[in-house]
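# Working through the structure, step by step
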Amino acid sequence: MEDFKEYIEDYWDGNLHGDKLEAFVHEMDANKEFRELVMLHQQVRESLRNDLVHERQQGDLKETLTGLNHKYFNPRMTKPGKGFNLKAFIVLLIITLLVAFLVYFLWPSGASQLDRVFDMPIASLTLKGTNDEGLNSKAETAFNNGNYEEALDVLQELKLEHPMDAEVLFFEALSQLKTGNVQVAVDQLSSLSAGDSGLKYDAQWYLVLAYHQLGNEEAVNETLGSIPEDSPYYQKAEILLKDR
Amino acid sequence: MEKEAKKPHQDHQYILALLENNSSQIEEIYKAHADKVKNFILKNSGTTDDAADVFQDALMTISRQFSLPGKVLTCPFGAYLMMVVRSLWMNELSRRKQKRVTISDLKGYTNKQDQYDFPFSEDDILKEELFKECFLKLGEKCKSILEGAWTGIPLMELAENLDMSYAFLRKKKSECISKLIKSVQESPMFKIIKS
């Protein structure tokens, strides 16, 4: 079923022909689960397509309804009501800031300290033989500016051409981490840290952060404890381990 | 599920009013139903602002549903409007309370689903809402790709607009759809609707 999933969109776009189409239809007939998936795919597509197309045409209607809403529901006062107390608000704001300050600087657990220890590295790709040199700098700029979603797209495009390049894989893993795909990042960093590239220690270090974000503190301790003395992160790891 | 089109109810005029943005007839809808919707929302943990939002969303939903070719209203407009309002509000309450709210949890509503032939069911509406929510959770890039592809922009042109190669756009589009479908399938609401 895994192989056929790739063709669902082509099937509904009418871009599946010949043997592939025949095999696809056969799979639908034979596999109820797959048939349901194909139908769900179409439902989602059609519903959202209708939504998106219609949304563009509904601007005038929305304006009419907003006007009538004001007349018949009188919603949302924009000014603060009579009960708004500026003094209480300021006191509350000061207390909030004070608590935030104390939590940030005095919190004793290793976990928050751990979050602060990890800065993202500066991306500097040294890829050779890339067809589009602009992609390198585009990936670097996006990553270094914190646009991790964009960086991820460009790095994945670079990966098509350089599937084994450690730099691409490393920064892709970090971009995955920063865009919330933590398990993917863990898998990629684990694989890199087990390899022989010049980034294996970096990968091992950021694997600690990935495990932490996954909530697997046992793996955090284990990974910190396995950082070898010749790693540039050894001392940092020792300090973190002492505090945990 | 969608039902076959039958003879239109006389209230189909309100559907046409929405589709044609006829403000005087739309105002008649407000005059006839706004208070009823407000009372229903206020009785069920909502505010006047919520009532206004739900009323507007319900009319937008109805307008979108009937923009599909061949769709006609075969029941009183008010009964259908209240069914849509109830579905949207149940969905919103479920989201706020992080647990499924059902019709039996609601006050001040008489279920007329068996009495009338509604053109779209509550499940249809909940599914549409779920698909929209899952779509909005996608990353900006995915949203741009799918929106472009689904609103008829040729993929070559879309690839150029988004500054990516055609091959990569196709790959990314497929990934984005998989992500969207997975998010729908994993949603607790989907499991409830399915069951």
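Residues numbered from 1 in each chain as written. Chains lettered and ligands numbered in written order. Predicted model: local features only at pLDDT ≥ 70, side-chain atom pairs only at ≥ 80, totals over all residues.

## Observations concerning the overall build of chain B
Definition in use: In this text, helices come from DSSP runs of H or I with a minimum length of four residues, and strands from runs of E with a minimum of two, each type numbered from the N-terminal end. The exposure scheme places C-beta atoms from the backbone and then counts, for each residue, the other C-beta atoms within 10 Å of its own, assigning buried at 20 or more, exposed at 12 or fewer, and partly exposed in between. Contact between two residues is assigned whenever their backbone-derived C-beta positions fall within 7 Å.
A count of helical and extended segments in chain B gives 9 helices and 0 strands. Taking all 195 residues of chain B together, the buried fraction comes to 34%. The contacts in chain B between residues at least 6 apart in sequence include a share of 69% that link residues at least 24 apart.

## Quick look at the packing of helix α5 (residues 59-73) of chain A against helix α3 (residues 48-65) of chain B
How two helices sit against one another is set out by the angle between their axes and by the gap between those axes. Counted only if it meets this: Every axis corresponds to a line fitted to the C-alpha atoms, with the helix fit spanning only the stretch in contact, and the corresponding angles, defined between N-to-C directions, vary from 0 to 180 degrees. Throughout, the term roughly parallel applies to angles under 35 degrees, roughly antiparallel to angles over 145, roughly perpendicular to angles from 65 to 115, and oblique to all others. It is the rotation of the near helix from the far one that decides the hand of a crossing: anticlockwise by less than a right angle makes it left-handed, clockwise makes it right-handed.
Where α5(A) contacts α3(B), the two axes come as close as 10 Å, and the packing angle between them is 150°. As judged from the angle between their axes, α5(A) and α3(B) are roughly antiparallel. You can see that α5(A) and α3(B) cross each other, and the crossing is right-handed. Contact with α5(A), carried on its side by L61(A), K62(A), L65(A), N69(A) and F73(A), involves T48(B), A51(B), A52(B), F55(B), Q56(B), L59(B), M60(B) and S63(B) of α3(B) and no other residues of that element.

## Notes on the confidence of the model for chain B
Low-pLDDT stretches of the model should not have their predicted coordinates read in fine detail. The line we're drawing: A residue's pLDDT is the predictor's confidence in that residue, given on a scale from 0 to 100.
Looking at chain B, the pLDDT average stands at 86 and 88% of residues meet or exceed 70. Scored by ipTM, the complex comes to 0.79, with pTM at 0.57.

## Regarding the interface of chain B and chain A
Counting from both sides, the interface comprises 41 residues of chain B and, opposite them, 31 residues of chain A. Going through the elements one at a time, α2 (23-43), α3, α5 (122-137), α6 (140-150) and α8 (166-186) of chain B are the ones with two or more residues in the side of chain B that touches chain A. Considering each element in turn, the side of chain B that touches chain A owes the most residues, 10 residues, to α3(B).

## A few points about helix α10 (residues 166-178) of chain A
Residues and elements named next belong to chain A. For the record, the criterion: The length a helix should cover is 1.5 Å for every residue beyond the first.
Here α10 contains 13 residues, and its C-alpha end-to-end distance of 18 Å stays within 8% of the 18 Å for a straight helix at 1.5 Å per residue. Among the 13 residues of α10, 11 are classified as buried, and the element is accordingly described as predominantly covered. Of all the residues in α10, the buried ones are E167, V168, L169, F170, F171, E172, A173, L174, S175, Q176 and L177. Phi for G180, located one or two positions after α10, is positive at around 90°.

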